[in-house]
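# Structural characterization, general
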Amino acid sequence: MDTKFIGKKSAAAGGWGALKSCGKQLLQSGMPISGARTMLKANQPDGFDCPGCAWGDPEHGSSFEFCENGVKAVAWEATEKRATPAFFAEKTVSQLRQLTDYELELNGRLTHPMRYDAVSDRYLPVAWKDAFAEIGSILTGLDNPNRAEFYTSGRASNEAAFLYQLFVRVYGTNNFPDCSNMCHEASGIAMRQAVGVGKGTVLLGDFEEADAIFVIGQNPGTNHPRMLGDLRRAAIRGARVVVFNPIRERGLERFSDPQDKIEMLKGGSTDIASLYLQPQLGGDMAAVRGMAKAVLATEDAAVAAGLPSVLDHAFLAEHCAGFAEYRAAVEATSWADIEDQSGLSRQEIERAADVYINAERVICTWAMGVTQHLHSVATIREIANFMFLRGNIGRPGAGLCPVRGHSNVQGDRTVGINEKPSDDFLDALEKHFRFAVPREHGHNVLAAIGAMLDGSAEAFIGLGGNFARATPDSALVEKALRRLKLTVHIATKPNHSHLMPGETAFILPCLGRTEMDLNTAGNSQLVSVEDSMSMVHGSAGINRPASPHLLSEVAIIAGIAQATVGSDVVGWAELADDHDRIRDHIEATIPGFENYNARLRKPRGFHLRNTAAHREWDTPAGKASFSCEALPDETVHQRARKGEGRFALQTFRSHDQYNTTVYGLDDRYRGVYGERQVIFIHPADLKAMNAEAGDRVDVVGEHDDGIERIAENFRFVPYDIPRGSIAGYYPELNVLVPLGSAGRESDTPTSKSIMVSFRRRQAA
């Protein structure tokens, strides 16, 4: 049996392995020296904001504010390789489609605007003015603006995103399918219901004061490694870190900080998790409900014994609504149901609750392990309930912290990328720009795909990202894109979405985050982004553009807008040439951006005020609001065990990728090398199937909608994961995620709740 792809896992996250990986990535870029110099400007006041994750920057930064992921992202962008018109002339689109995501993006940076020629099945060069004119002609030729979809990736700057939403609303629609729809949509919805703000309530400095940090459904070591430095410092000073994650993740176990010289020289590492619990997929809500039940039981015992109260009664009385109803719901939930649904024992859950009870200040963080389930909104409401019990919101060292993925996914939503905009925001746009703003709610990602499939959408413009590979039900999405009249992709490198052209299709190459954007006067343009802590930072590229034919995202949006809606309402060219003017418009229409240009130019930027962090609750009750929802009737792992040979699957990233971008084929934290088509599974489940490590299977989706979904030729990797639960990488497994399965209220694809079975393959 071939198991050469299964090797030794890293002893700890970070350390020499991270440094070696950084060196490898810089060498592969072909620009190791300039790449290293570029990294010194990452997340610095006079440099660029890292195009990777949205973790916050410290108020007083060091000389090095980047991580392995940041090096990969910058090396990927700053590569010497170029995907020129000659690259597209060598192969047809059909031939390029046979390449893997990794192989395709290895060809480097796009250099020229390209237009698809259906006769030759190739992309050919096109002049910018001709591309803009044809795109504008097709958009204005649609019989209804709602027949166009305008997608946004989280890499877009505040300026690009604001200009994009302004153009689209002048055009006449609120169709904004957005990467937020596929990740933290549930966080925003649940937190607005609970505390009145859809963003985290903590600052980075709060991690220095917390006595306990609960990390739920999150893998910082791969997804936002700089967070590990803050968790490490917290652990060293004695804070308890409690982890809820079905799979053992190295970064949450041990971390060796590459900036700690002594630790590096001694080959040491720091334990991160004080307590590591592995719930079943979808079991997080039950686990948190169990902790709340244990807290309330401890409170009752304390009252009976005449001991100090466990609950923060002053906070509950002054700031909360619905506590009595919530307490009744908790008491009505049996330990048997909690244990069965969570996959954890009562004793394990009570140990976690004890950490909470004995901590004065608690932060709770989470990511897509929580948000990509059917009951994700209810789970996040339960997390908020739990934090209310001891007043752990709105004071130093405590709060709610949803950790966003891409570097400006939060900022894009702040400046208007929202298919369901508030009336206040639309009123402000209408008053300031003096045009009739569309009021009808638009399409999110799943609705946009549905509209493409049924023919009610005819055009798609993607501001960054790789829509076809990021979305669920890959085969259906490819079909949806290829039936459109127009597809436009604004991008830095070729990706698979470009290979699913509509009747007319364009690839428009843009500047990267690290590259200088010079206006007509030769001055470098500044953009801004917002991190997970609501800090707004300036970002200015320092490298020469990969090609003289590149335009900034702002300039491309302005060019399309000018060709589509003209300049009667907005002077697009003037805004593209002076980003300060865009920020003036943001300041005039969005609260919190007063003196935007001046504050942005201060070191480390500025903070957007969070009302919940000040215990001001913009909820219908005017208070922090408990939810008393019952546990789900059934989670994915409970359904799966009813059928023989069925498993609950979650998709996640390997350590050598970020979102849909694959930097390499190794996942050293999980001990997998040179292979991506793998399934992580408990050894006992392998034995029960008479299977072994390395065996090849097809993974078959078990969604009951009559559509056959198969991911072919995957290999087993034995791993520490609960029995009945399995895991594997996206985008390869996105083909199994049904469009028809989405989170209640959030409409987020349930990429962590997929029921599957296996079909054995013959050895090659």
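Residues numbered from 1 in each chain as written. Predicted model: local features only at pLDDT ≥ 70, side-chain atom pairs only at ≥ 80, totals over all residues. Heavy atoms only, no water.

### So, the overall build of the chain
Counting its secondary structure elements, the chain contains 31 helices and 31 strands. Radius of gyration (C-alpha) of the chain: 25 Å, near the 27 Å computed for a compact globule of 764 residues. C-alpha extents for the chain along the principal axes are approximately 80 × 65 × 55 Å. Put simply, the chain has 764 residues, and 63% of those count as buried. (Helix = DSSP H or I, 4+ residues; strand = E, 2+ residues; numbered from the N terminus. Rg over C-alpha atoms; globule rule 2.2 N^0.38 Å. Buried < 20%, exposed > 50% of the residue type's maximum accessible area, 1.4 Å probe, protein only.)

### Considerations on the environment of Asp-656
By secondary structure assignment, the location of Asp-656 is in the loop between β22 (647-652) and β23 (657-658). Accessibility expressed as a relative area gives 7% for Asp-656, which makes it buried.

### Observations concerning the layout of surface pockets
Counted as a void, the second largest pocket has a volume near 1100 Å³. For the lining of the second largest pocket, the elements supplying multiple residues, two or more each, are α9 (185-195), α21 (409-414) and α22 (423-433). Looking at the lining of the second largest pocket, the element that brings in the most residues is α21, giving four residues. Tallied by class, the residues present in the lining of the second largest pocket amount to nine nonpolar, 15 polar and nine charged. (1 Å grid on protein atoms, 1.4 Å probe; cavity = no way out; pocket = protein on both sides within 12 Å on 5 of 7 lines; lining within 4 Å. Points joined across faces, edges and corners; volume = space filled by probe spheres on them. Nonpolar A, V, L, I, M, F, W, Y, C, P; charged D, E, K, R; others polar.)

### Overview of the sheet that holds strand β5 (residues 122-125)
Here six strands make up an open sheet; going across it, the order is β5-β4-β17-β16-β15-β6 and the pairing mixed. Edge strands, defined here as strands with exactly one partner in the open sheet, are β5 and β6 (148-152). Neighbouring strand axes in the sheet, compared pairwise and without regard to direction, differ in orientation by 20° on average. Here four bridges tie strand β4 (residues 114-117) to β5, and the two strands are oriented antiparallel to one another. (Pairing = 2+ DSSP bridges. Axes fitted to C-alpha atoms, helices over the stretch in contact; angles between N-to-C directions.)

### Some details on the pairing of strand β17 (residues 504-509)
Among the six residues in β17, six count as buried, and that is most of the element. Residues Thr-504, Phe-506 and Leu-508 line one face of β17 and the alternating positions Ala-505, Ile-507 and Pro-509 line the opposite face, and both faces are buried. Pairing analysis gives two bridges linking β4 to β17, with the strands arranged antiparallel. Each bridged residue has a counterpart across the sheet, and for Met-114 the counterpart in β17 is Ile-507. Here strand β16 (residues 486-491) pairs with β17 via six bridges, running parallel.

### A short note on the nonpolar core
In terms of nonpolar packing, the biggest core is built from 62 residues, with Phe-214, Phe-244, Phe-388 and Leu-389 touching the most fellow members. A total of 10 residues in this core trace back to one element, the largest contributor, which is helix α14 (residues 284-305). Setting aside residues no more than four positions away along its own chain, Phe-214 makes contact with Val-242, Phe-244, Met-291, Ala-352, Val-355, Tyr-356, Val-362, Ile-363, Cys-364, Thr-365 and Phe-386. Of all hydrophobic cores here, the second largest spans 60 residues; its members include Trp-128, Phe-433, Val-488 and Tyr-596. (Core = buried A, V, L, I, M, F, W, Y, C linked by side-chain atoms within 4.5 Å. Contact = heavy atoms within 4.5 Å.)

### Overview of the sheet that holds strand β14 (residues 399-402)
The strand order across the open sheet built from five strands is β11-β8-β7-β13-β14, with neighbouring strands paired in parallel fashion. Each having just a single partner strand, β11 (275-277) and β14 make up the two edges of the open sheet. Each neighbouring strand pair of the sheet contributes to a mean axis angle of 15°, computed without reference to strand direction. In the sheet, strand β8 (residues 240-244) pairs with β11 via three bridges, with the strands oriented parallel. Paired with Val-243 across the strands is Tyr-276, a residue of β11. Sitting on the sheet, helix α18 (residues 346-357) touches β7 (212-216), β8, β11 and β13 (362-366), and the angle it makes with β11 is about 140°.

### Some thoughts on helix α20 (residues 376-388)
Across its 13 residues, α20 extends 19 Å between first and last C-alpha, which sits within 8% of the 18 Å expected from 1.5 Å per residue. Counting buried positions along α20 gives 13 out of 13 residues, so the element sits mostly inside the fold. (Expected span 1.5 Å × (residues − 1).)

### What to know about the packing of aromatic side chains
Enumeration over the complete set of coordinates arrives at 30 aromatic pairs. On the numbers, 6.3 Å between centres and 25° between planes, the contact of Tyr-151 with Phe-460 is stacked. Of the two residues, Tyr-151 sits in strand β6 while Phe-460 sits in strand β15 (residues 459-463), which places them 309 residues apart along the sequence. This pair shows no difference in class: Tyr-151 is buried, exactly as Phe-460 is. Arranged with centres 6.2 Å apart and planes meeting at 80°, the rings of Phe-315 and Trp-617 form a pair that is edge-to-face. Separated by 302 residues along the polypeptide, Phe-315 in helix α15 (residues 313-319) and Trp-617 in the loop between β20 (606-607) and β21 (624-625) bring together distant segments of the chain. No difference in accessibility class separates Phe-315 from Trp-617, as the two residues are buried. By way of ring pairs, the aromatic residues Phe-315, Phe-323, Tyr-326, Phe-388, Trp-617 and Phe-626 are connected into one cluster. (Phe/Tyr/Trp six-rings, centres within 6.5 Å; stacked < 30°, edge-to-face > 60°.)

### Digging into unusual backbone geometry
Geometrically, the link from Tyr-730 to Pro-731 is a cis peptide bond, its omega value of 10° lying close to zero. One can find Pro-731 in the loop between β30 (725-729) and β31 (754-760). The backbone of Arg-604 sits at a positive phi, close to 70°, despite the residue not being glycine. Within the secondary structure, Arg-604 is located in the loop between α29 (596-600) and β20. Looking at Arg-604, the relative accessible area reads 12%, which means it is buried.

### Here's the deal with empty space enclosed by the protein
One pass over the structure, following the stated rule, counts five cavities of 30 Å³ or more. Lining the second largest cavity are 18 residues, with Leu-511, Gly-512, Arg-513, Val-527 and Glu-553 sitting closest to its centre. The residue inventory of the lining of the second largest cavity, partitioned by class, reads seven nonpolar, six polar and five charged.

### Digging into the pairing of strand β27 (residues 678-681)
Side-chain alternation along β27 places Val-678 and Phe-680 on one buried face and Ile-679 and Ile-681 on a second face that is also buried. Across four bridges, β27 lies against strand β29 (residues 710-718) in parallel orientation. Considered in β29, the bridge of Phe-680 is made with Val-717.

### Topic: the packing of α22 against helix α28 (residues 579-589)
Here α22 crosses α28 at 125°, and the two axes come no closer than 9 Å. In terms of their interaxial angle, α22 and α28 are classed as oblique. Relative to α28, the crossing made by α22 is right-handed. Residues Phe-425, Ala-428, Leu-429, His-432 and Phe-433 of α22 touch α28, and the partners they reach there are His-585, Ala-588 and Thr-589. Of the residues that constitute the contact of α22 with α28, the class distribution is five nonpolar, three polar and no charged. (Parallel < 35°, antiparallel > 145°, perpendicular 65-115°, else oblique. Left-handed = near helix turned anticlockwise from the far one by under 90°.)

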